[in-house]
Amino acid sequence: MSLFQMTTLGTASVSPNSALAAVIRTRANIFEMTEAAEKAVLCPKDTGSLPHDLRASIAARIAAKAGDTTLAARYLEKANALALVSDPAQDGGADHALLVQFVDKAANATKDIASTDIADLQAAGVSDADIVRLCELVAFVAYQLRVVAGLRLLHGQTA
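Quick caveat, the model's predicted, so the values are computed rather than measured.

Applying the stated criterion across every chain, the model contains 8 salt bridges. With a shortest N-O distance of 3.1 Å, Asp-46 and Arg-133 are connected by a salt bridge. Of this pair, Asp-46 sits in the loop between helix 3 (28-42) and helix 4 (52-65) while Arg-133 sits in helix 9 (residues 128-154); the two residues are 87 residues apart in sequence, bridging distant segments of the chain. When its relative accessible area of 16% is taken as the criterion, Arg-133 is described as buried.

What follows is about the side chain of Gln-144. Relative to the assigned elements, Gln-144 resides in helix 9. In this structure the side chain of Gln-144 is engaged in a polar contact, spanning 3.2 Å, whose partner is the side chain of Glu-38.

This paragraph deals with the packing of aromatic side chains. Summed over the entire model, instances satisfying the criterion amount to 1 aromatic pair. An angle of 50° between the planes, with centres 6.0 Å apart, marks the rings of Phe-140 and Tyr-143 as tilted. One end of the pair, Phe-140, and the other, Tyr-143, are both in helix 9, 3 residues apart, so they sit about a helical turn from each other. It is Arg-74 that lies over the ring of Tyr-75; its NZ or CZ is 4.7 Å from the centre.

Looking now at the packing of helix 4 against helix 5 (residues 69-76). Their axes nearest at 8 Å, the elements helix 4 and helix 5 cross at an angle of 170°. Judged by the inter-axis angle, helix 4 sits roughly antiparallel to helix 5. Contacts between helix 4 and helix 5 involve Ala-56, Ala-59, Ala-60, Ala-63 and Ala-64 from the first element and Leu-71, Ala-72, Tyr-75 and Leu-76 from the second. For the contact of helix 4 with helix 5, the per-class residue count stands at 9 nonpolar, no polar and no charged.

Here is what the cut-offs are and how they apply
- Residues numbered from 1 in each chain as written.
- Predicted model: local features only at pLDDT ≥ 70, side-chain atom pairs only at ≥ 80, totals over all residues.
- Heavy atoms only, no water.
- Salt bridge = Lys/Arg side-chain N within 4 Å of Asp/Glu carboxyl O.
- Helix = DSSP H or I, 4+ residues; strand = E, 2+ residues; numbered from the N terminus.
- Buried < 20%, exposed > 50% of the residue type's maximum accessible area, 1.4 Å probe, protein only.
- Polar contact = N/O pair within 3.5 Å; in protein donor to acceptor, adjacent residues only side chain to side chain.
- Phe/Tyr/Trp six-rings, centres within 6.5 Å; stacked < 30°, edge-to-face > 60°.
- Lys NZ or Arg CZ within 6 Å of the ring centre and 35° of its normal.
- Axes fitted to C-alpha atoms, helices over the stretch in contact; angles between N-to-C directions.
- Parallel < 35°, antiparallel > 145°, perpendicular 65-115°, else oblique.
- Contact = heavy atoms within 4.5 Å.
- Nonpolar A, V, L, I, M, F, W, Y, C, P; charged D, E, K, R; others polar.

The structure is reproduced here in structure tokens:
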């Protein structure tokens, strides 16, 4: 895969022939590591109780709440039957309401996360490993949103 086929750069609409592309090529390893991180959190071999389509839907939700419709749409393509979870106007439905509540808080009010939020997930049967997986996903999408916004600004677009 070439550097400009990577999802983060594609989402930022960076043209392979632009001046920005030339600068990015000097830091290609950063974008390659970003791509590897995306695959690790969205499509890991061991998904725990967070299947790939749920992860994609959660990523789409985080991006949508952040106002990045392009990134949200890209993740939504992989959400399949769990697309409802991605809608910020919905609570995630009976099966995912607690996860959605936690994700919304972790992504948008991180400083307000308390031990009771973790305890609620544990009480609902979410394993510690899955809580870590969920936090990794939230952290990655937050990072990706910042990278994409920065690239768009460097490219002369609105963030």
